[in-house]
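Each chain is listed here by its residues.
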Amino acid sequence: MNRRDVQLALLAHELLDDDDFDYILISIYRRAAERNALRRIRQQSPPFIHWVHDISSDMYRALFRFEREDIDRLACALQLPVDGFHTVHRCSVPRLVALHLLLFKLAYPHRHVDLSALVYYSNAWVRDALYAIESHIFSRFRHLLDAPEQLCSPPLLEAYAESLLSMGSLFCGDNPARIFSFMDGTATEVLRPSHDEAIFFSGYKWMHAFNWLAVSLPSGMIWAMFGPFFGSDNDAGNWQLLTPLQHRLRLAPFVRRHPDIDRRYLIYCDGGFALTDVTARPFVTPVTPDHSFFNERMASLRVEVEHAFAGLVNKWKGVHFVYQNHANETFYREFMVCSLLENAWNCMYKNQTSRRFRVDPPDLITYFSIPSPH
């Protein structure tokens, strides 16, 4: 027994009669025996990281989404501390163990008790480990989902526009503006909140949800992820809330003007968004056959932004486990971490969008080395 058990036994001996004291003492000894048995299992069982390396490559890819030989490279790109994480509750977590726990939790819906049985540690230890690595990734790389200009330099911008033109993209209207990316919205279901339920309820999706706006590049990268917005709002209204972003895009050289020719580069949206000087949309009422042809051609290309969301939904099912999606900061942090991991996966293996438009994504180390503008 530890010191706390001894103190509890002494207190019970002073306050209880003999029968109750015997019952309390037996319970204390039983709890100590279970704790010692768990400690022996942890000592006799192979470490978690060894068990991970003993499974087959196909099973490893299914459980953690990345190849086994690339996990060290991912840990270096995410700048995980070499000596591991030291949580506020004085838990020491090796960095590869924390990374495997995070990937395992986000790949499939898992409760903390499932992860606890996997690593033979308590739920509190697992919760601290996940919080430590999620906070590390979110605080260091959140700016990579805020439209970094390094992913849209003039050479890359021209490559994006040329790839879309080769796949059938058209000029927007009578001006020489070109499309270089696509924007669309999605919704993720959350548990019904106990307060302000109406603002979370989406009448279109018929569920309580958070809405997000994402901008996808022809390289398959999620260039920007904005949100969360309340489920009761639509995409057009959410876009109007991003007035500071629109002002920054108007001043950016890749949206304002090409430095050599009189050409603008725009973001293509669906018909639910308003037409602005930084976005393009389909013709609401096509007047000429060219307008109808433009709508049909761009609709077939805009579906690629849906594939970016499909990667988040299909590859990272854990973040869409509704019974753990509370409307709080934890869910927001996990969704952003999933978006960053999806970009990391694309940098390594190229997703469907990158292969279709034949535009290579940036290198993994190069992408996560983009500095924060602040």
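All values reported here derive from a predicted model rather than from experimental measurement.

(A) Quick peek at the overall build of the protein chain. Across its full length, the protein chain carries 17 helices and eight strands. Counting across all 374 residues of the protein chain, residues that qualify as buried make up 47%. When contacts within the protein chain are restricted to residue pairs at least 6 apart in sequence, those whose partners lie at least 24 apart make up 65%. Carbon and sulfur atoms make up 55% of the accessible area of the protein chain, which totals about 19000 Å².

(B) Main features of the nonpolar core. One finds Met225 and Tyr367 to be the most contacted residues of the largest nonpolar core, which totals 98 residues. Considering each element in turn, this core owes the most residues, eleven residues, to helix α15 (residues 329-349). Excluding anything up to four places from it in sequence, Met225 contacts Arg142, Leu145, Trp212, Leu213, Ala214, Phe309, Leu312, Phe335, Met336 and Ser339.

(C) Highlighting the pattern of salt bridges. The final tally for this structure, using the stated rule, is nine salt bridges. In this structure, Glu162 engages Arg178 in a salt bridge whose closest nitrogen and oxygen atoms are separated by 2.7 Å. Taken together, the residues Glu162 in helix α9 (residues 154-166) and Arg178 in strand β3 (residues 178-189) connect sequence positions 16 residues apart. The class for Glu162 is partly exposed, based on a relative accessible area of 37%. Residues Glu342 and Lys315 are paired through a salt bridge, measuring 3.2 Å at the closest nitrogen-oxygen approach. Here Glu342 is found in helix α15, whereas its partner Lys315 is found in helix α14 (residues 289-315), with 27 residues between them in sequence. The class of Glu342 is buried, set by a relative accessible area of 4%.

(D) The side chain of Arg68, seen in detail. The residue Arg68 is located in the loop between α4 (57-64) and α5 (71-77) in this model. Buried and unpaired, Arg68 has Glu69 as its nearest opposite-charge partner, separated by 5.7 Å. A polar atom in the side chain of Arg68 sits 2.3 Å from the backbone oxygen of Ile55. In contact with Arg68, not counting residues within four places along its chain, are Val52, His53, Ile55, Ser56, Ser57 and Tyr60.

(E) A look at the packing of α4 against helix α6 (residues 95-107). Packing of α4 against α6 brings their axes to within 7 Å, and their N-to-C directions diverge by 75 degrees. Classified by the angle their axes make, α4 and α6 are roughly perpendicular. Contacts from Tyr60, Leu63 and Phe64 in α4 reach His100, Leu103, Phe104 and Ala107 in α6. Residue classes in the contact of α4 with α6 are distributed as six nonpolar, one polar and no charged.

(F) Examining helix α7 (residues 112-119) more closely. Within the span of α7, buried status applies to Leu115, Ser116 and Val119. Seen end-on, α7 carries its buried residues on one side only, within an arc spanning 105 degrees. Just downstream of α7, Tyr120 is the residue with a positive phi angle, here 60 degrees.

(G) Just the packing of aromatic side chains, in detail. According to the stated counting rule, one finds 15 aromatic pairs in the structure shown. Summarising the aromatic geometry, the rings of Phe66 and Trp316 are spaced 6.3 Å apart at their centres and angled 40 degrees between planes, so their arrangement reads as tilted. Of this pair, Phe66 sits in the loop between α4 and α5 while Trp316 sits in the loop between α14 and α15; the two residues are 250 residues apart in sequence, bridging distant segments of the chain. With relative accessibility at 0%, the residue Phe66 sits in the buried group. The rings of Phe138, Phe210, Trp212, Phe331, Tyr332 and Phe335 are connected pair by pair, giving a single aromatic cluster. Sitting above the plane of the Tyr108 ring, Arg65 keeps its charged end 4.8 Å from the centroid.

(H) Molecular detail of the environment of Cys76. Note that Cys76 resides in helix α5. Looking at Cys76, the relative accessible area reads 48%, which means it is partly exposed. Cys76 sits 288 residues away from Leu364 along the chain, and the two C-alpha atoms are 9.9 Å apart.

(I) Quick peek at α4. Listed in full, the buried residues belonging to α4 are Tyr60, Leu63 and Phe64. Down the axis of α4, the buried side of the element spans an arc of 75 degrees, and every buried residue falls inside it.

(J) Examining the packing of α6 against α7 more closely. At a closest axis distance of 11 Å, the pairing of α6 and α7 adopts a crossing angle of 140 degrees. Here α7 runs oblique to α6, going by the angle between their axes. Considering the relative orientation of α6 and α7, their crossing is right-handed. In this structure, α6 contributes Leu101, Phe104 and Lys105 to the contact, and α7 contributes His112, Leu115, Leu118 and Val119. Grouping the constituent residues of the contact of α6 with α7 by class yields five nonpolar, one polar and one charged.

(K) View of the environment of Asp233. You can see Asp233 is positioned in the loop between β6 (222-230) and α11 (235-241). Separated by 32 residues in the primary sequence, Asp233 and Phe201 place their C-alpha atoms 9.1 Å from one another. In this structure, Asp233 is in contact with Asn211 and Asn238, ignoring residues within four places of it in sequence.

(L) Up close: unusual backbone geometry. The phi dihedral of Gln79 is positive, around 55 degrees, even though this residue is not glycine. Tracing the backbone through its elements, the reader meets Gln79 in the loop between α5 and β1 (85-86).

Procedures and definitions
- In this numbering scheme, every chain counts its residues from 1 along its sequence in written order.
- It should be noted that, the model being predicted, local features are given only for residues of pLDDT at least 70 and side-chain atom pairs only at 80 or more, the latter also being counted only at that level, while totals for whole chains, interfaces and linings use all residues.
- No hydrogens and no water enter the side-chain calculation; it runs on all heavy atoms of the structure.
- Elements are defined by DSSP. Helices are runs of H or I of four residues or more, strands are runs of E of two residues or more, and each kind is numbered from the N terminus.
- The buried label goes to any residue with under 20% of its type's maximum accessible area, the exposed label to any with over 50%, and the partly exposed label to all in between, with areas taken from a 1.4 Å probe on protein chains only.
- The contact criterion used throughout is that any non-hydrogen atoms of two residues lie within 4.5 Å.
- Each accessible area value is a Shrake-Rupley result obtained with a 1.4 Å probe; residue values ignore everything except the protein chains displayed when judging cover.
- Each nonpolar core is a collection of buried residues, namely Ala, Val, Leu, Ile, Met, Phe, Trp, Tyr and Cys, held together in the definition by side-chain atoms within 4.5 Å.
- Counted as salt bridges are all cases of a side-chain nitrogen of Lys or Arg within 4 Å of a carboxyl oxygen of Asp or Glu.
- For the charge count, each Lys or Arg is scored as positive and each Asp or Glu as negative, with His and the chain ends excluded.
- Here a polar contact is taken to be a pair of N or O atoms separated by no more than 3.5 Å, where protein atoms must pair a possible hydrogen donor with a possible acceptor and residues adjacent in sequence count only if both atoms sit in side chains.
- Each axis is a line fitted through C-alpha atoms, and for a helix only the stretch in contact is used; angles between axes span 0 to 180 degrees, taken between their N-to-C directions.
- By definition in this entry, angles of less than 35 degrees are roughly parallel, angles greater than 145 are roughly antiparallel, angles of 65 to 115 are roughly perpendicular, and the rest are oblique.
- Classes in brief: Ala, Val, Leu, Ile, Met, Phe, Trp, Tyr, Cys and Pro nonpolar; Asp, Glu, Lys and Arg charged; the others, Gly included, polar.
- Note that the arc is computed from the directions linking the helix axis to the C-beta atoms.
- Think of it this way: a Phe, Tyr or Trp ring, Trp meaning its six-membered ring, pairs with another when their centres are within 6.5 Å, and the plane angle makes it stacked under 30 degrees, edge-to-face over 60, tilted otherwise.
- Comment: the charge-over-ring label is applied if NZ (Lys) or CZ (Arg) is within 6 Å of the ring centre and within 35 degrees of the ring normal.
- Here a crossing is taken to be left-handed if its near helix is turned anticlockwise relative to the far helix by less than a right angle, and right-handed if that turn runs clockwise.

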